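# Notes for the structure review
Now for the letters of each chain:
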Amino acid sequence: MKELALHILDIVQNSITADAKRINLKIAESIKDDELTIVVEDDGFGMDEEMLMKVTDPFVTSRTTRKVGLGIPLLKQAAEECEGSLRIHSEVNSGTTIKATFQHSHIDRVPLGDIPETICTILLYGRDFDLLYEHLTDQGQFKFDTAEIRQVLQETPLTHPDVIVWIRESLTEELRSIAATTT
């Protein structure tokens, strides 16, 4: 994939399909430590031990619409190509945690990509779940929590066009303020 945001979108889509009510996305970028970490944690159906052992095989999927599942295998490959790793912890009826680490400066690491657009795309699924997105860099950090936004909006849905525009602009501004730099 051209950017890590597409991997994130795919993994979060898995969480939504697993009927997660809460999805936590954490991205930690450190130039100083030369590391990029992406963690997606959910409270969905989870996987049994048998599925957990097979989930990185591209020819294994729980989907009935196709016979291949490339999301997790491609993320694993991308991480390993950048001196990183992929770890998965899952328990049936408790959820799943996927953690991918990358050497931040690795020449083969694809860009993080358009995270604000990815978050908006996730929210446009319109399903009943909350998303906590945390982003940390050497310059600072911020949190975005749809549960807090829902309280403020009350009856207005997160999928309302004006809300999506506001979310995209807010996330873009927040990310600019904590942008990791090489200087």
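Above this text sits the structure in question.
Residues numbered from 1 in each chain as written. Predicted model: local features only at pLDDT ≥ 70, side-chain atom pairs only at ≥ 80, totals over all residues. Heavy atoms only, no water.

### Regarding the overall build of the protein chain
Tallying secondary structure elements over the protein chain gives 6 helices and 6 strands in all. In the protein chain, the succession of α and β elements from N to C terminus is α-β-β-α-α-β-β-α-β-β-α-α. A compact globule built from 183 residues should have a C-alpha radius of gyration of about 16 Å, and the protein chain, at 16 Å, falls within 12% of that. By principal-axis analysis of the C-alpha atoms, the protein chain measures approximately 45 × 40 × 25 Å. Counting across all 183 residues of the protein chain, residues that qualify as buried make up 41%. Once local pairs closer than 6 in sequence are excluded, the contacts in the protein chain between residues at least 24 apart make up 62%. Summing over all exposed atoms, the protein chain offers an accessible surface of approximately 10,400 Å²; the carbon and sulfur share of this is 50%. Across the protein chain, the 18 positively charged side chains and the 32 negatively charged ones have centroids separated by 3 Å. (Helix = DSSP H or I, 4+ residues; strand = E, 2+ residues; numbered from the N terminus. Rg over C-alpha atoms; globule rule 2.2 N^0.38 Å. Buried < 20%, exposed > 50% of the residue type's maximum accessible area, 1.4 Å probe, protein only. Contact = heavy atoms within 4.5 Å. Areas by Shrake-Rupley, 256 points an atom, 1.4 Å probe, with all protein chains shown as cover. Lys, Arg positive; Asp, Glu negative; His and termini not counted. Charge placed at Lys NZ, Arg CZ, Asp CG, Glu CD.)

### With respect to the sheet that holds strand 1 (residues 22-30)
The mixed open sheet is built from 6 strands, whose spatial order is 3-4-2-1-5-6. The open sheet terminates on both sides in strands that have one partner only, identified here as strand 3 (85-91) and strand 6 (140-145). Sheet twist, expressed as the average angle between the axes of neighbouring strands with direction ignored, equals 5°. In the sheet, strand 1 pairs with strand 2 (residues 35-42) via 8 bridges, with the strands oriented antiparallel. Note on strand 2: the bridge partner recorded for K26 is V39. This element, helix 3 (residues 71-80), spans strand 3 and strand 4 (95-103) of the sheet and lies at about 30° to strand 4. Where helix 6 (residues 161-177) meets the sheet, it contacts strand 5 (130-137) and strand 6, and its direction lies at approximately 165° from that of strand 6. (Pairing = 2+ DSSP bridges. Axes fitted to C-alpha atoms, helices over the stretch in contact; angles between N-to-C directions.)

### Considering a nonpolar patch on the surface
A grouping of M1, L6 and L74 is seen on the molecular surface, where their side chains present a nonpolar patch of about 230 Å² in accessible area. When you line up the elements, L74 lands in helix 3. According to the relative accessible area criterion, L74 is partly exposed, its value standing at 30%. (Patch = residues over 30% accessible without salt bridge, like charges linked within 9 Å, V, L, I, M, F, W, Y side chains within 5 Å. Salt bridge = Lys/Arg side-chain N within 4 Å of Asp/Glu carboxyl O.)

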